[in-house]
Amino acid sequence: MQEDNLLDHALVRLDEAAAHLNIDPDVIEKLKYARETTKVRLMIRMDDGSRKSFLAWRCRYDDTRGPTKGGIRFHPESTIDEVETLAFWMTFKCAVMNLPYGGGKGAVQVDPRKLSKAELERLSRAYIQAFARIIGPDRDIPAPDVYTNSMIMGWMADEYAQIVGQAEPAVITGKPIALGGSLGRGDATARGGYYLVRDLAENLGLRGSMRIAVQGFGNAGQHIAKLLGADGHKIIAVTDSEGGVKSEAGLDVDLLIATKNAGKSVASTVGKSGHEFLSPAELVGVDCDLLVPAALENMITVENAASVKAKLILELANGPVTPEADRVLATQGVTVLPDILANAGGVTVSYFEWVQNRQGYYWSVEEIHQRLQTIMEREGRAIWDIAQDKNVTMRVAAYIHALGRLAEAIEAHGTQSFFDS
Ligand code: GLU
């Protein structure tokens, strides 16, 4: 979050990948900067009659491979640097999955938990009023991210439809099903990671039941716990922003989800179903097989990377491991399934939603799952092969994979193109 120069840290990965490819330096120059970032101040009426303003941004980082795509985050510590970095990651994530999109991202600097539902709706609508000219089904397509959800996407889609005077469901993804949302979008981020782990388990030497620690218990954290738990793996530690719990016998995942749905921290289950207290700071060092960061950026740093005991890390959050921590983990023999691959299930089902909106024909949940599994396995195996071939980490391999596609597209546009500006 409030880390200085988050984008500079992210760009380290670009240089690492470029060192393995013979690409034009112009390509790197193009990918080092956000194409456009718009900043606005949103003014809304609060329930008590007063007015309040919130900073908001929308970044279109790179649109060489298609319209920009990426979520909108509502968080009190969001910054322009964070938004641009997240948009950079979206650029590479969409290229990793071979989706016909560039990368974008948006944010509002706000703690949505302090707003009433009516205030939240006014803020969501104000965001679309401010950015209606920037977004569009062929230009920039928002979606949910941290602390935003399908209800918010529904309000936003409705506001956009009112502004343009017609239904335009493909302008935004992650909508409620009733407004043209896709089946399977709700658990897509976790499900993509789940398919990936399941498919690579053999290669990673993971057999039998795993002991799993999950950091962050929002959408991604809850669904991965459910999916892996249902396969007989044990969720032994879970934290959220306020506290955590552990149990060697395995946590009661349904109880944890019910607790979150009631608006309480997972820590309030201490003493029930054999749950013991765990401080959030201890989570990274928990003795387990699989560690799943599913919260925010910079959770695994040089300070705590050496304490990691897991053999495998599945990055369901964006940017949870810093480049310096990556090096520590590599020397410890920890395999990291990187964010731009591991959490790409979300944007992939967003892509399915956009396709369904445009064709006006909707797929069954089985069809969504099947298509997601095919793409996750295809790109996961391709990245695994690059990692073996070039003797690099899965992260470097994922960046090589994406950068190759981005370079091809940048070159194909020609040197006098609008995209070259
Ligand atoms: N916010 C999600 C991400 O970081 C999903 C983006 C999308 O569906 O466009 O990948």
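This text follows the structure it describes.
I will try to describe carefully the structure that is included in this document. Source: prediction; values computed, not measured. (Residues numbered from 1 in each chain as written. Predicted model: local features only at pLDDT ≥ 70, side-chain atom pairs only at ≥ 80, totals over all residues. Heavy atoms only, no water.)

Topic: the pairing of strand β1 (residues 36-45)
The sheet contact formed by β1 and strand β2 (residues 51-62) spans 10 bridges and is antiparallel. By the bridge assignment, R41 is partnered in β2 with L55. Once β1 ends, the chain turns through five residues before running back antiparallel as β2, passing G49 with a positive phi of about 95 degrees. (Pairing = 2+ DSSP bridges. Helix = DSSP H or I, 4+ residues; strand = E, 2+ residues; numbered from the N terminus.)

Brief notes about the site of the ligand
Taken together, the neighbourhood of the ligand is formed by 14 residues, with K69, K93, P144, D145 and S350 sitting nearest. Between the ligand and the protein, one listed contact pairs a nitrogen atom with a backbone N or O atom of P144 at 2.8 Å. Interatomic distance of 2.6 Å between a side-chain N/O atom of S350 and an oxygen atom of the ligand. In isolation the ligand exposes 300 Å². Once the protein is present, 94% of that is buried. Broken down by secondary-structure element, the contributors of at least two residues to the shell around the ligand are α3 (80-96) and α11 (345-359). No other element matches the three residues that α11 contributes to the shell around the ligand. The residue inventory of the shell around the ligand, partitioned by class, reads four nonpolar, five polar and five charged. (Near = heavy atom within 4 Å. Polar contact = N/O pair within 3.5 Å; in protein donor to acceptor, adjacent residues only side chain to side chain. Areas by Shrake-Rupley, 256 points an atom, 1.4 Å probe, with all protein chains shown as cover. Nonpolar A, V, L, I, M, F, W, Y, C, P; charged D, E, K, R; others polar.)

Looking at the packing of aromatic side chains
The full count for this structure, using the stated rule, is 10 aromatic pairs. With a centroid separation of 5.6 Å and 70 degrees between ring planes, the pair formed by Y61 and F88 is classed as edge-to-face. Of this pair, Y61 sits in strand β2 while F88 sits in helix α3; the two residues are 27 residues apart in sequence, bridging distant segments of the chain. Of the two residues examined, Y61 and F88, each falls in the buried class. Aromatic side chains F88 and F92 sit 4.9 Å apart centroid to centroid with 45 degrees between the ring planes, which places their arrangement in the tilted category. Here F88 and its partner F92 are both found in helix α3, four residues apart, which amounts to about one turn of the helix. Considered together, F88 and F92 belong to a single accessibility category, that of buried residues. Among the aromatic residues, ring-to-ring pairing joins Y101, Y351, F352, W354 and W363 into one connected group. Seen from the ring of W363, R371 lies directly overhead, with NZ or CZ sitting 3.9 Å from the centre. (Phe/Tyr/Trp six-rings, centres within 6.5 Å; stacked < 30°, edge-to-face > 60°. Buried < 20%, exposed > 50% of the residue type's maximum accessible area, 1.4 Å probe, protein only. Lys NZ or Arg CZ within 6 Å of the ring centre and 35° of its normal.)

Focus on the nonpolar core
With 94 residues, the main nonpolar core has F88, F92, I224, V292, L314, L337 and L403 as its most contacted residues. Per element, the largest residue contribution to this core is 11 residues, and it comes from helix α13 (residues 394-412). Setting aside residues up to four positions removed in sequence, F92 forms contacts with L14, L31, I340, Y399, A402, L403 and L406. Within the second largest apolar cluster, 28 residues are counted, among which are F54, V108, L120 and L123. (Core = buried A, V, L, I, M, F, W, Y, C linked by side-chain atoms within 4.5 Å. Contact = heavy atoms within 4.5 Å.)

Focus on the sheet that holds strand β12 (residues 312-314)
Reading across the sheet, the seven strands line up as β10-β9-β8-β7-β11-β12-β13 and stay open at both edges, with mixed pairing between neighbours. With partners counted over all chains shown, the strands left at the sheet margins are β10 (276-277) and β13 (335-337), one partner each. Bridge analysis of strand β11 (residues 290-293) against β12 gives two bridges, and the strand direction is parallel. Paired with L290 across the bridge in β12 is L312. Helix α6 (residues 188-200) contacts β12 and β13 of the sheet and is inclined by roughly 155 degrees relative to β12. (Axes fitted to C-alpha atoms, helices over the stretch in contact; angles between N-to-C directions.)

A look at the pairing of strand β5 (residues 102-108)
Of all seven residues in β5, seven are buried; the element is thus mostly enclosed. A two-sided burial pattern is seen for β5, the buried positions comprising G102, G104, G106 and V108 on one face and G103, K105 and A107 on the other. Bridge count between β2 and β5: six bridges; the pairing is antiparallel. When the sheet's bridge partners are listed, W57 is paired in β5 with A107. For strand β3 (residues 68-69) and β5, the ladder comprises two bridges, and the chain directions are parallel. In the sheet register, K69 faces β5, and the bridge partner there is G103. Across three bridges, the pairing between strand β4 (residues 72-74) and β5 is parallel. Along β5, the bridge assignment pairs R73 with A107.

Some details on α13
The end-to-end C-alpha distance of α13, which contains 19 residues, comes to 27 Å, matching closely the 27 Å that a straight helix rising 1.5 Å per residue would cover. Counting buried residues in α13 gives 15 out of 19 residues, a clear majority hidden from the surface. G414, located one to two residues past α13, shows a positive phi value of around 85 degrees. (Expected span 1.5 Å × (residues − 1).)

Comments concerning the environment of L200
Relative to the assigned elements, L200 resides in helix α6. Taking relative accessible area as the criterion, L200 reaches 1% and is therefore assigned buried. Each C-alpha atom of the pair L200 and R381 lies 7.7 Å from the other, and the pair is 181 residues apart in sequence. Those residues within four positions of L200 in sequence are excluded, and the remaining contacts are L337, G380, W384 and M394.

Quick look at a negative patch on the surface
There is a patch of like negative charges on the surface, built from D24, D26, E408 and E411. For E408, the location among the structural elements is in helix α13. A relative accessible area of 58% means that E408 is categorised as exposed. (Patch = residues over 30% accessible without salt bridge, like charges linked within 9 Å, V, L, I, M, F, W, Y side chains within 5 Å. Salt bridge = Lys/Arg side-chain N within 4 Å of Asp/Glu carboxyl O. Lys, Arg positive; Asp, Glu negative; His and termini not counted. Charge placed at Lys NZ, Arg CZ, Asp CG, Glu CD.)

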